[in-house]
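Structure at a glance
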Amino acid sequence: MNITERVYQALMDSKKLTAQLVKDRKGRCIYHGISPDAGSYPILVYSMISDVPALAADGQEQEHRITMRIHILTRDGRSSGIYAAVQQVMQQLGFVRYQTVDLAEKGLFIRMVDYKIGIGVDE
């Protein structure tokens, strides 16, 4: 299982997190890359935004750094509980929060959180 799949699975397995999200008509509340207009909020959107070499030895890449971005989308701006649950999941996976940006767009409040992790090339 690659890192993107592990992140998705861990987010979905967190009852503390999914209980705070609204499911769409297909039962989804966490989307990869982009969400269709879910119609109901809050939801999460996650994606890998970078995967860069971090350590090389003998001409071979030994480790790389991955940055995952998670968007928390709400209509009312209340995202603290969701953010805390996401933070717990990501820390359990070994990620460290890199930055957080809050913005409003098209009637939605969006909290974007970037998490970084270094992993070996065989993982």
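Structural notes, computed from the coordinates.

Definitions and cut-offs
- Residues numbered from 1 in each chain as written.
- Predicted model: local features only at pLDDT ≥ 70, side-chain atom pairs only at ≥ 80, totals over all residues.
- Heavy atoms only, no water.
- Helix = DSSP H or I, 4+ residues; strand = E, 2+ residues; numbered from the N terminus.
- Buried < 20%, exposed > 50% of the residue type's maximum accessible area, 1.4 Å probe, protein only.
- Pairing = 2+ DSSP bridges.
- Phe/Tyr/Trp six-rings, centres within 6.5 Å; stacked < 30°, edge-to-face > 60°.
- Lys NZ or Arg CZ within 6 Å of the ring centre and 35° of its normal.

1. Observations concerning the environment of Leu-108
Looking at the secondary structure, you find Leu-108 in strand S5 (residues 108-120). By relative accessible area, Leu-108 is classed as buried at 11%. Residues Leu-108 and Thr-74, spaced 34 residues apart in sequence, show a C-alpha to C-alpha distance of 5.7 Å.

2. So, the pairing of strand S4 (residues 96-105)
Here S4 runs beside S5; their pairing, made up of nine bridges, is antiparallel. In the sheet register, Asp-102 faces S5, and the bridge partner there is Arg-111. Hairpin connection, S4 to S5: the antiparallel pair is bridged by two residues, and Lys-106 has positive phi, about 50 degrees.

3. Notes on the packing of aromatic side chains
Counted by the stated rule, this structure contains one aromatic pair. Against the face of Tyr-83 rests Arg-111, its NZ or CZ located 5.1 Å from the ring centre. In this arrangement the basic side chain of Lys-116 is found over the ring face of Tyr-98, its NZ or CZ atom lying 4.0 Å from the centre.

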